[in-house]
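# Descriptive structure summary
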Amino acid sequence: MPVDYFTAAAVRAAEAATGDLLTSGALMQRAATGVANVVAAHLVSTGGCYGRGVGLVVGAGDNGGDALFAGALLARRGVSVCAVLLNPERAHPAGLAALRRSGGRVVERLPATMDAVVDGVVGIGGHGPLRESAATVFASVTAPVFAVDLPSGIDADTGVVHDPAVSADVTVTFGVRRNAHLLAAPHCGRVVLIDIGLGDLDGADLRSWTDDEVGRCWPVPGPADDKYTQGVVGVVAGSPRYPGAGVLCTGAAIHATSGLTRYAGSAGAQVLSRFPEVVVSESPQAAGRVQAWIVGPGFGVDDDALARLRTVLAADVPVLVDADGLTMLAAHPELLAARTAATLLTPHAGEFARLAGQPLGPDRLAAVRDLAQRLGVTVLLKGRGTLIAGPEPSTPVIGNDAGSSWAATAGSGDVLAGLAGALLASGRSPVDAAAMAARVHSVAAAIGADDAPLGASRLLGAIPAAITRLRRAAGASVVRQ
Ligand SMILES: NC(=O)C1=CN([C@@H]2O[C@H](COP(=O)(O)OP(=O)(O)OC[C@H]3O[C@@H](n4cnc5c(N)ncnc54)[C@H](O)[C@@H]3O)[C@@H](O)[C@H]2O)[C@@H](O)CC1
Ligand SMILES: [K+]
């Protein structure tokens with residue numbers, strides 16, 4: 001099952017639909033119990049609960065209420081709990097009374113040494129950055145931070161990280177995940193989902209694939225397959241100035257699937273010297289049949305490149321356009337109008353701005369969805385967090401948090417294009433191909449880096465190990481039985 005993410009409005013509607021559970025405060029009790037259990041588990045794993053110090057930073061809404069009730073539960077387990085109330089008149093009254101009854105204290109500032117700090121400033125009701133009083137408290141915190149629902153200062157729906165905002169080690173959320181948990185993943189730390197009885201929700205805004213789904217769907221040859229039946233991909237990339245883009249993109253396509261890979265362009269000699277299994281030609285017209293094209297990496301933007309882009313986009317097979325291909329497409333959007341098969345665009349933020357005619361802006365989710373719908377194509381927006389939107393408004397955007405930034409290196413995009421293009425040729429839909437490629441790319445970056453900076457060649461070399469890891473996560477054997 002994919003992991004779904006929801007907007008604050010969807011969460012509120014689901015909470016309201018529980019009726020009595022919401023109005024009686026039962027949901028808040030369940031949420032607070034979840035927070036207390038997660039903090040207690042941390043304390044136990046680092047020496048025990050009794051006599052340890054936990055600070056609460058408490059805002060004016062129900063997020064603060066969760067923190068206060070959680071603090072009361074911790075105090076009953078022998079934890080020394082003190083709370084800073086950012087807005088004492090509006091602190092959740094029942095939560096504050098519970099904390100006091102359990103022996104928790106209200107303080108002006110947190111003690112210098114704490115074992116954990118709970119961020120209960122704001123949750124899904126928060127707007128804008130952390131206010132100064134809260135920012136001052138967090139500025140001197142060195143203990144692990146446990147965010148209630150969301151790190152405060154991060155927008156629940158867009159994942160925009162305002163300045164200042166809390167950066168959490170652990171985020172404890174309730175019922176369903178919020179968009180920000182994926183869109184601002186590096187600030188949320190480990191996200192723990194507590195069941196508070198909301199049931200299953202439909203209508204996710206955002207979705208991510210699990211490792212085992214990617215592994216399960218990865219195309220591998222079956223008993224009746226040959227090099228043609230698995231999909232032939234054609235790579236139109238590289239130029240006299242940038243032959244390496246052609247090599248990297250073609251190499252990634254070769255590693256992604258077992259079908260045939262064609263290369264059409266000026267870097268044929270370099271490609272062949274590294275990958276003799278590639279069938280090389282000078283131009284896309286001279287290449288044989290393919291089931292998908294990749295066009296654009298290291299390609300240049302001259303008349304010859306434009307002519308090749310036109311040829312490829314006129315073909316009735318899926319096409320992935322990347323890099324220089326996107327720059328030319330931004331100047332010639334009419335090339336998309338005559339497309340008869342699916343198109344996948346893979347821009348970084350700068351290329352995205354050229355295509356959209358305006359800067360990306362902070363709301364990446366809305367931007368990628370709008371551009372895909374406007375152009376009638378699938379768009380993969382690159383970054384630490386990759387977002388993939390298809391042209392249909394009804395389908396959720398797919399997100400992939402890379403989990404690290406090792407892939408921020410020259411040539412990394414060429415590798416991604418090769419992976420996704422090969423998957424297109426294998427018959428995967430543009431959204432699926434993009435989602436699977438993004439995940440394998442990020443796993444390959446982590447494996448290839450092994451905690452030290454890597455170049456795109458090593459990223460490329462780590463693709464087989466990444467696919468193996470994902471297939472094993474799915475319980476698949478390396479070769480289909
Ligand atoms: N509704 C429910 O049934 C449940 C809600 N829960 C908790 O309730 C939270 C939502 O509570 P609320 O709707 O009261 O909203 P919040 O507590 O998230 O925030 C609203 C309050 O914060 C203030 N505020 C907004 N932005 C701010 C900023 N940048 N700095 C400082 N103050 C700011 C607002 O003026 C308002 O007083 C959830 O995130 C979750 O933690 C949980 O108890 C689970 C059940
Ligand atoms: K919070």
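It should be emphasised that the depicted structure is a prediction, and the values quoted were computed from it without experimental measurement.

Let us look at the sheet that holds strand E17 (residues 378-381). Taken together, the 12 strands give an open sheet; going across it, the order is E8-E1-E10-E19-E18-E17-E16-E15-E14-E11-E12-E13, and neighbouring strands pair in mixed fashion. Unpaired on one side and paired on the other, strand E8 (177-178) and strand E13 (279-281) mark the two borders of the sheet. Pairing of strand E1 (residues 3-6) with strand E10 (residues 206-208), which is carried by three bridges, proceeds in the antiparallel orientation. Paired with Val3 across the strands is Ser208, a residue of E10. Its contacts with the sheet place helix H10 (residues 243-256) against strand E11 (233-236), strand E12 (261-264) and strand E14 (292-295), and it is angled at close to 165° to E12.

Of all residues adjacent to ligand 1, which total 24 residues, the nearest are Leu22, Asp66, Arg90, Gly123 and Asp149. At 2.7 Å from an oxygen atom of ligand 1 is found a side-chain nitrogen or oxygen belonging to Arg90. For ligand 1, an oxygen atom lies 2.6 Å from a polar atom in the backbone of Gly123. At the level of elements, helix H1 (8-17), helix H3 (26-45) and helix H4 (62-76) are the ones that each hand at least two residues to the shell around ligand 1. Considering only residue class, the shell around ligand 1 consists of 10 nonpolar, seven polar and seven charged.

This part is about the coordination of the potassium ion (ligand 2). Distances from the potassium ion (ligand 2) to its protein donors, Asn63 (OD1), Asp119 (O), Val122 (O), Val148 (O), Leu150 (O) and Ser152 (OG), fall within 2.5 to 3.1 Å. Coordination at the potassium ion (ligand 2) is irregular: its six donor atoms span angles of 65 to 166° at the metal. Going along the chain, you hit the donors of the potassium ion (ligand 2) in the pattern N-x55-D-x2-V-x25-V-x1-L-x1-S. Residue classification places Leu150 among the buried residues on the basis of a relative accessible area of 0%.

On inspection of all chains with the given rule, the structure shows nine salt bridges. We note a salt bridge from Arg216 to Asp212, for which the minimum N-O separation is 3.4 Å. Placement of both Arg216 and Asp212 in helix H9 (residues 211-217) is noted, with a separation of four residues, approximately one turn of the helix. Among the residues examined, Asp212 registers a relative accessible area of 28% and is labelled partly exposed.

So, about the UniProt feature "domain: YjeF C-terminal" (unreviewed entry) in the protein chain. If you check UniProt for "domain: YjeF C-terminal" (unreviewed entry), the listed places come out as residues 210-470 in our numbering. End C-alpha atoms of residues 210-470 are separated by 9 Å, and the span's content is 46% helix alongside 13% strand.

The next subject is unusual backbone geometry. Backbone torsion omega between Asp163 and Pro164 reads 0°, so that peptide bond is classified as cis. Tracing the sequence through the fold places Pro164 in the loop between strand E6 (145-148) and strand E7 (170-174). Unusually for a residue other than glycine, Asp451 sits at a positive phi of about 75°. Relative to the assigned elements, Asp451 resides in the loop between helix H18 (430-449) and helix H19 (456-461).

So, how was this worked out
Residues numbered from 1 in each chain as written. Chains lettered and ligands numbered in written order. Predicted model: local features only at pLDDT ≥ 70, side-chain atom pairs only at ≥ 80, totals over all residues. Heavy atoms only, no water. Pairing = 2+ DSSP bridges. Helix = DSSP H or I, 4+ residues; strand = E, 2+ residues; numbered from the N terminus. Contact = heavy atoms within 4.5 Å. Axes fitted to C-alpha atoms, helices over the stretch in contact; angles between N-to-C directions. Near = heavy atom within 4 Å. Polar contact = N/O pair within 3.5 Å; in protein donor to acceptor, adjacent residues only side chain to side chain. Nonpolar A, V, L, I, M, F, W, Y, C, P; charged D, E, K, R; others polar. Donors = N, O, S within 2.8 Å, 3.2 Å for Na, K, Ca; no water. Tetrahedral: all angles 85-135°; square planar, octahedral: opposite > 155°, others 65-115°. Buried < 20%, exposed > 50% of the residue type's maximum accessible area, 1.4 Å probe, protein only. Salt bridge = Lys/Arg side-chain N within 4 Å of Asp/Glu carboxyl O. UniProt positions renumbered as here; feature names shortened; annotations may be inferred.

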